There are 2 protein chains.
Amino acid sequence: MTVRQLSLPELAAGCARLGIRQVGLWREPVRAYGVAETSALVRDAGLRVTTLCRGGFLTAVDADARAAALADNRRAVDEAAALGTDTLVLVSGGLPAGAKDLGAARERVADALTELAPYAGDHGVRVAVEPLHPMYASDRCVVSTLTQALDLAERFPAHQVGVAVDTYHVWWDDRAPAEIARAGASGRIHTFQLADWTTPLPEGVLTGRGRLGDGAIDLRAWTSHVAAAGYTGPIEVELFNEDLWARDGQEVLTETAERFLQHVVG
Amino acid sequence: MTVRQLSLPELAAGCARLGIRQVGLWREPVRAYGVAETSALVRDAGLRVTTLCRGGFLTAVDADARAAALADNRRAVDEAAALGTDTLVLVSGGLPAGAKDLGAARERVADALTELAPYAGDHGVRVAVEPLHPMYASDRCVVSTLTQALDLAERFPAHQVGVAVDTYHVWWDDRAPAEIARAGASGRIHTFQLADWTTPLPEGVLTGRGRLGDGAIDLRAWTSHVAAAGYTGPIEVELFNEDLWARDGQEVLTETAERFLQHVVG
């Protein structure tokens, strides 16, 4: 998503050029290109798919809407399995129109996971419940903290449900380091994503994620937290940023790799 | 601030017209009108000033900047005392440029309170530490939760430091009801403010507070939480909203009073 201006073949070529051997994909471009075609493309390029983003949006009350959401999430599991990734990122969904009860909405997510988690596990796919920043609580994701995400995940086996840790969403939370340790102890950190926090936020607050090193987040510290919790998996850089999308995608890919080396592991 | 388009005499007249006998004021219009003049105006109008907004911005590292901030906060205490209110709302301030350590910034706020709190108490003024929504953590307020605000406040006597509970800032937090109970038990709920949560958020996320009843917040439930915690003080409606500021101020005042009766106590 950081370089959504690139086609999937362009992305694969850019990764090969930079020696990047793992890539996180989103469902929309995968489905547009074709799931089987994407699977062949990444295999031929020697790429491993880290995660597929995203399932979720499971907070509806209406029975038909719930059934449709579950069916879509099963398809997302199938797509993940076809791409050879073991992880499907899940964003819970926001409050239905007129609803005001965040706790009840989270329980509807738990109910849906009761059906989705075993289906995912049977297909070799782990669901990674991603808490989003509290500024998305009403319209996008009623799971706002790692604590809440883990409370949901721990109702299921770790090979079925864990969490996604994204610095953009958790950096403000003084409990998050302890929750990362808790997640690591039960093998539930299913992916680790980086973005920096910059202000002012844009209208709608969706597309203002900062380039690594431009913002307020101590990226090295958070990377240390997940490492100390035993996480040895891939680290994804996920930037929704209009300025980056307006630039040459290969240039952005190169710059992002350089910034990763400079601000995270350097 | 909900009707900042009104002059202070217009505001006083509007309150009289509606039978509103208490009003929260901000420092900027008070200082522009004159502190003594405002004090006389509200006294003559039979109004009680609930709180003065706001002190704070105490996160600087530089010694001169810290001294200047403390001096300004002492003036704010003096102004509150002159207006006859016992409560000064305090917004801690964000991260200094280049800083990435929220915990260290919160400790600098605590250090400043060590000087400010006794000064306030000596003048009959309580400081109300206001946690702001985590989306303001970097640029405005490193105190993001009621838990953090209470942890700060409890280092001081309750007649010196407590907290401000604003639905806009805490509504997403599943721990907030328990923290309200904790604050109430030690007499530290120093004000209670209402705004609703509506999306999409505007650029900069400062001026998008929703009118009572327009958004996702269960205002009655939060009002019950503070009541159950023993709070019997005034309830303030604080809406930063460009659309409201563009309308006739008296009309907005009337509408806000009606919505309060309809969505909060009705």
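The name given to chain A in an unreviewed UniProt entry is Sugar phosphate isomerase/epimerase, and the organism recorded there is Streptomyces albidocamelliae.

Moving on, we come to the overall build of chain A. Of regular secondary structure, chain A possesses 11 helices and nine strands. By the compact-globule yardstick of 18 Å for 266 residues, chain A fits well, its C-alpha radius of gyration being 18 Å. For chain A, the spread of C-alpha atoms along the three principal axes comes to 45 × 40 × 35 Å. For chain A, buried positions account for 55% of its 266 residues. Considering only contacts in chain A between residues 6 or more positions apart, those separated by 24 or more positions represent 80%. For chain A, the computed accessible surface area is about 10,000 Å², with 52% contributed by carbon and sulfur atoms. Separation of charge centres in chain A, based on 25 positive and 35 negative side chains, amounts to 2 Å.

Looking now at the side chain of Arg209(A). Residue and element names in this part refer to chain A. Mapping Arg-209 onto the fold places it in strand β8 (residues 209-210). A relative accessible area of 4% places Arg-209 in the buried class. Leave out the neighbours within four places in its chain, and Arg-209 touches Asp-166, Tyr-168, His-169, Ala-195, Asp-196, Thr-198, Glu-238, Leu-239, Phe-240 and Asn-241.

Before going further, it helps to examine the packing of aromatic side chains. For any two aromatic rings, the description comes down to two numbers: the centre-to-centre distance and the angle of the planes. Applying the stated criterion to the full structure yields 11 aromatic pairs over all chains. A centroid spacing of 6.2 Å and a plane angle of 40° characterise the contact between Phe240(A) and Trp245(A), whose relative ring orientation is tilted. Using a relative accessible area of 10% as the deciding quantity, one classes Phe240(A) as buried. For Trp245(A), a relative accessible area of 11% translates into the label buried. Members of the aromatic cluster, each reached through a chain of ring pairs, are Trp26(A), Phe240(A) and Trp245(A). Above the plane of the ring of Trp245(B) lies Arg4(B), whose end atom (NZ or CZ) is 3.6 Å from the centre. When the ring centre of Phe240(B) is taken as reference, the NZ or CZ atom of Arg209(B) above it lies at 4.1 Å.

In the numbering adopted here, UniProt assigns the feature "domain: Xylose isomerase-like TIM barrel" (unreviewed entry) to residues 15-255 of chain A. In residues 15-255 of chain A, helix accounts for 44% and strand for 17%; the two terminal C-alpha atoms are 12 Å from one another.

With an RMSD of 0.0 Å, the operation that places chain B on chain A is a rotation of 180° combined with a shift of 0.0 Å along the axis. Here the symmetry operator amounts to a two-fold rotation axis. Among all residues of chain B, the minimum C-alpha distance to the rotation axis is found for Glu203(B), at 1.9 Å. Same-surface contact between copies: 100% of interface residues of chain B are shared with the interface of chain A.

Thresholds, definitions, all that
- Residues numbered from 1 in each chain as written.
- Chains lettered and ligands numbered in written order.
- Predicted model: local features only at pLDDT ≥ 70, side-chain atom pairs only at ≥ 80, totals over all residues.
- Heavy atoms only, no water.
- Helix = DSSP H or I, 4+ residues; strand = E, 2+ residues; numbered from the N terminus.
- Rg over C-alpha atoms; globule rule 2.2 N^0.38 Å.
- Buried < 20%, exposed > 50% of the residue type's maximum accessible area, 1.4 Å probe, protein only.
- Contact = heavy atoms within 4.5 Å.
- Areas by Shrake-Rupley, 256 points an atom, 1.4 Å probe, with all protein chains shown as cover.
- Lys, Arg positive; Asp, Glu negative; His and termini not counted.
- Charge placed at Lys NZ, Arg CZ, Asp CG, Glu CD.
- Phe/Tyr/Trp six-rings, centres within 6.5 Å; stacked < 30°, edge-to-face > 60°.
- Lys NZ or Arg CZ within 6 Å of the ring centre and 35° of its normal.
- UniProt positions renumbered as here; feature names shortened; annotations may be inferred.
- Least-squares fit on C-alpha atoms with pLDDT ≥ 70 in both.

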